[in-house]
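Results of the structural survey
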Amino acid sequence: QVQLVESGGGLVQAGGSLRLSCAASGRTFSSVGMGWFRQAPGKEREFVAAISWSGGNTYYTDSVKGRFTISRDNAKNTVFLQMNSLKPEDTAVYYCAASTYSNIVVLATQYVYWGQGTQVTVSS
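The structure displayed is predicted, hence computed values, not measured ones.

So, how was this worked out
- Residues numbered from 1 in each chain as written.
- Predicted model: local features only at pLDDT ≥ 70, side-chain atom pairs only at ≥ 80, totals over all residues.
- Heavy atoms only, no water.
- Helix = DSSP H or I, 4+ residues; strand = E, 2+ residues; numbered from the N terminus.
- Buried < 20%, exposed > 50% of the residue type's maximum accessible area, 1.4 Å probe, protein only.
- Contact = heavy atoms within 4.5 Å.
- Pairing = 2+ DSSP bridges.
- Axes fitted to C-alpha atoms, helices over the stretch in contact; angles between N-to-C directions.
- Phe/Tyr/Trp six-rings, centres within 6.5 Å; stacked < 30°, edge-to-face > 60°.
- Lys NZ or Arg CZ within 6 Å of the ring centre and 35° of its normal.
- Disulfide = S-S within 2.5 Å.

Looking now at the side chain of Ser21. Topologically, Ser21 is positioned in strand E3 (residues 18–26). Using a relative accessible area of 19% as the deciding quantity, one classes Ser21 as buried. Filtering out sequence-adjacent residues up to four positions away, Ser21 remains in contact with Val5, Glu6, Ser7, Trp36, Thr78, Val79 and Phe80.

See the structure below:
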């Protein structure tokens, strides 16, 4: 089993930056692909970004391309989401998730381990 704990959320003004971290423990972290999802009130959970086990492949939803960067440090069992140029519409609870695949997957149903979420609020 993989345990995931997010951190780094908070309140930031539009145009600002935050870096989210997701610390993993349990089963070997390097063997799984990782992703970030978000969910705003009244909205469905939305894919944000994903990274392969090797870190060599990444994928982003269109709305965050050029602003967000996903990365991972397998030696530290941690995945990151650097969020720049934040917009109010980025406000949501952000979740990290782990799949059982080493490649990129983008559907929530393809992820089997989830963190508790961390709140990101962007003020206008």
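Across the sheet, 4 strands lie side by side as E1-E3-E8-E7; this open sheet has antiparallel pairing. Looking at strand neighbours, the two that pair on one side only are strand E1 (2–7) and strand E7 (68–73), the edges of this open sheet. Recorded for the sheet is a direction-independent mean angle of 15° between the axes of neighbouring strands. In this sheet, E3 lies alongside E1 in antiparallel orientation, the contact comprising 6 bridges. Looking across to E3, one finds that Val2 is bridged to Gly26.

Buried residues dominate strand E8 (residues 78–83), accounting for 5 of its 6 residues. Where E3 lies against E8, 6 bridges are found, and the strand directions are antiparallel. Its bridge partner being in E8, Arg19 is matched across the sheet by Gln82. As defined by bridge partners, E7 adjoins E8 across 6 bridges and the pair is classed as antiparallel. Opposite Asp73, over in E8, you have Thr78 as the bridge partner. From the end of E7 to the start of E8, which pair antiparallel, there are 4 residues, and Asn77 there has a positive phi angle of about 55°.

Under the criterion given, the structure shown has 5 aromatic pairs. Considering the side-chain rings of Phe37 and Phe47, the 5.6 Å spacing of their centres and the 75° angle between planes classify their relative orientation as edge-to-face. With Phe37 in strand E4 (residues 34–39) and Phe47 in strand E5 (residues 46–51), this residue pair connects regions lying 10 residues apart in the sequence. Taking the relative accessible area as the measure of exposure, Phe37 reaches 2% and is therefore buried. Among the aromatic residues, those joined into a ring-pair cluster are Phe37, Phe47, Tyr59, Tyr111 and Trp114. Its guanidinium or amino end placed over the ring of Phe80, Arg19 lies 4.6 Å from that ring's centre, counting from NZ or CZ. The ring of Trp114 has Arg45 lying over it, and the distance from NZ or CZ to the ring centre is 4.9 Å.

Tallied over the full model, the rule gives 1 disulfide. Between the sulfur of Cys22 and that of Cys96 lies a disulfide, 2.0 Å long from S to S. Torsion about the S-S bond of the Cys22 and Cys96 cystine: about 55°, corresponding to right-handed handedness. Residue Cys22 is located in strand E3, and its partner Cys96 is located in strand E9 (residues 92–99); the two are separated by 74 residues in the primary sequence. The residues Cys22 and Cys96 share a single accessibility class, namely buried.

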